[in-house]
Amino acid sequence: MAPRRLLQMVFILLVAVCTGQSYVCAQSAIKVGLAESDITPPLKFPMAGYFHERLNEGTTDPLKAKAIVFRSDSQQAALVVCDLIGVATDFAKEVKTRASEQTGIPANHIIVSATHSHTAPDYSKSLYAWMIRKSTPDAANAPSLEKDPERLAYIDKLITNTVDAIVKANQAAAPARLDSGWTEQQTPVAFNRRFVQKDGSVKTWVGLEHEGTVRSAGPIDPEIPLLLVRDEQGRMKGLVSNFALHLDTVGGMKWSADYPSFISDVVKEKLGPDMISVFGTGCCGDINHVNPRGKERNKTDFIGKSLGDTIVSGVASLSPIEAPRLEVRSVIVQVPLQEATQEAVAKSIATMKAVNAGETVDFYDHVTAHKTLMIDQMRNSPRFAKDEDAMLARRVTHSLSGVGPTIPVEINAICIGRDMAIVSLPGEVFVDLGLAIKRGSPFRNTMVIELSNCVETFYVPTRAAFAGGGYETTNSTVEHGAGELLVEEALKMLKSAAEPAKTP
């Protein structure tokens, strides 16, 4: 037997001894399947993450869609996490519809999430053109703002392969043993990036050593909830983990899944080469990897390997879910949008034209222009900006066009017994909001995964954060209180799911 395989077997036996678990057991009440697929774009496809266009120059590590499916006699659900900057509502709806048709899982029981990698594709413009062609009867002659056929072909690949991950996970679903719990990251890799100033305002990224800084404006969340999937013989098949840290640690012009790629490598090395590591990003709208007491930035490999080691060491402390009853909840929340007046839209168009002409523009004016053009598309019908002007910001939506003063966002809860709940939220959510859900959850362990089903909210700050200002509040399309509304609705779902099952 190879030394590495021998070590893996020893580790599994040690885990069994530490947790007192026996793996000769009756069939589980829940079937679980895992699968992954490749969603890496071609060369020269636009890269996401910043407010200027950059074209890809290669691949550091492949981008993937990773899916986990849960099935019981009465309920079924799926979570697919993609190495993308965000999940556009158009993309989520297409994936949910196709996956539901092919698996029978209700569309509103499918969560489509993004890790928020800043070295992933900027696919919004191409997806919008793809949606226009799809919705036009004479698709071959439909007008398109995307002229590159290779980019349109990538949208086909992105949707098809993401659906394929769900379908394969559904096909692989088999009786499973589930262990849950949490561990805590001790090595500092995550820091709150907002700082209260002497005048009461809040600035992003300036650090604790900035002359006007009083203190950090918020906490971090060091907890890493874990869900381990085993087959009936006790063999590890997959591990779902969740941590609150922005995925903007790589940089450069090559595709990369960022630090979750290193987490996956550690999981495979120490728990088995066939393990599938599904990482869902926690609420980290105000969290990054830069030490606020200086300019030091932890490197991607250090972050990923440190988190991976913490996750693997935490496996030994997990406990079996004794009564794995599956409960799935979904609700559409009408989230209030900010306004976009005709004057503000005209100013934003002028700003974007100046940017594209190479002129120097204030950063916050640039950010405001992006978000205002998105709000215009969603709130105003007819919108003030023409198609070509709206496309200046490269953030466009088809299915949310003209929805009005509120944006309908779907949030979900996948709950297993009383031990584990997986909650999905839209946008880049502030850590305080995720912590509020965890504190109020009636489940022993709760994962809160942001950037699910909808990215068009952009940032989702707290009410207090809106009062302080800063980059994140500038780059938000939603009104004050939207985050607290999502917390309230999430806790209602969790309370409903935790109620004892009613006997016929």
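The rules behind these values
All chains use their own residue numbering, which begins from 1 and follows the written sequence. For a predicted model such as this one, the threshold for reporting local features is a pLDDT of at least 70, and the threshold for listing and counting side-chain atom pairs is 80 or more; totals across whole chains, interfaces and linings nevertheless cover every residue. Note: side-chain values were computed over all heavy atoms of the structure, leaving out hydrogens and water. Three exposure classes are used, based on accessible area relative to the maximum for each residue type with a 1.4 Å probe and protein chains only: buried under 20%, partly exposed in between, and exposed over 50%. The secondary structure listing takes helices from DSSP runs of H or I that are at least 4 residues long and strands from runs of E that are at least 2 residues long, numbered from the N terminus. We treat two strands as partners when DSSP finds at least two bridges between them. To obtain each axis, a line is fitted to C-alpha atoms, and for helices this fit is confined to the stretch in contact; angles are then taken between N-to-C directions over 0 to 180 degrees. When an angle is under 35 degrees it counts as roughly parallel; over 145 it counts as roughly antiparallel; between 65 and 115 it counts as roughly perpendicular; any other value is oblique. Each crossing gets its hand from how the near helix is turned against the far one by less than a right angle, where anticlockwise is left-handed and clockwise is right-handed. By definition, residues are in contact when any of their heavy atoms lie within 4.5 Å.

Strand β20 (residues 406–416) sits mainly inside the fold: 9 of its 11 residues count as buried. Examined bridge by bridge, strand β19 (residues 326–336) and β20 share 11 bridges and lie antiparallel to one another. The residue of β20 that forms the bridge with Leu326 is Ile416. Pairing between β20 and strand β21 (residues 420–424): 5 bridges, direction antiparallel. What sits directly across from Ile416, in β21, is Met420. Here β20 folds back onto β21 in antiparallel fashion, the turn holding 3 residues, of which Gly417 has a positive phi close to 60 degrees.

Let's shift gears to the packing of helix α10 (residues 431–440) against helix α13 (residues 482–498). Following both chains from N to C, one finds α10 and α13 inclined at 25 degrees, their axes separated by 10 Å at the closest point. As summarised for this structure, α10 and α13 are arranged roughly parallel, according to the angle between their axes. Judged by the sense of rotation from one axis to the other, the crossing of α10 with α13 is right-handed. Of α13, the residues touching α10 (which contributes Leu433, Ala436, Ile437 and Gly440) are Gly483, Glu484, Val487, Ala490, Leu491 and Leu494.

As a further point, take the environment of Thr60. Residue position: Thr60 is located in the loop between β4 (58–59) and β5 (64–71). As a C-alpha pair, Thr60 and Thr119 span 59 residues in sequence and 9.6 Å in three-dimensional space.

A large share of strand β13 (residues 223–231) lies buried, amounting to 8 of its 9 residues. Note that strand β8 (residues 174–184) and β13 share 9 bridges and pair antiparallel. Opposite Thr183, over in β13, you have Ile224 as the bridge partner. Where β13 lies against strand β14 (residues 236–243), 5 bridges are found, and the strand directions are antiparallel. By the bridge assignment for β14, Leu228 is matched with Leu239.

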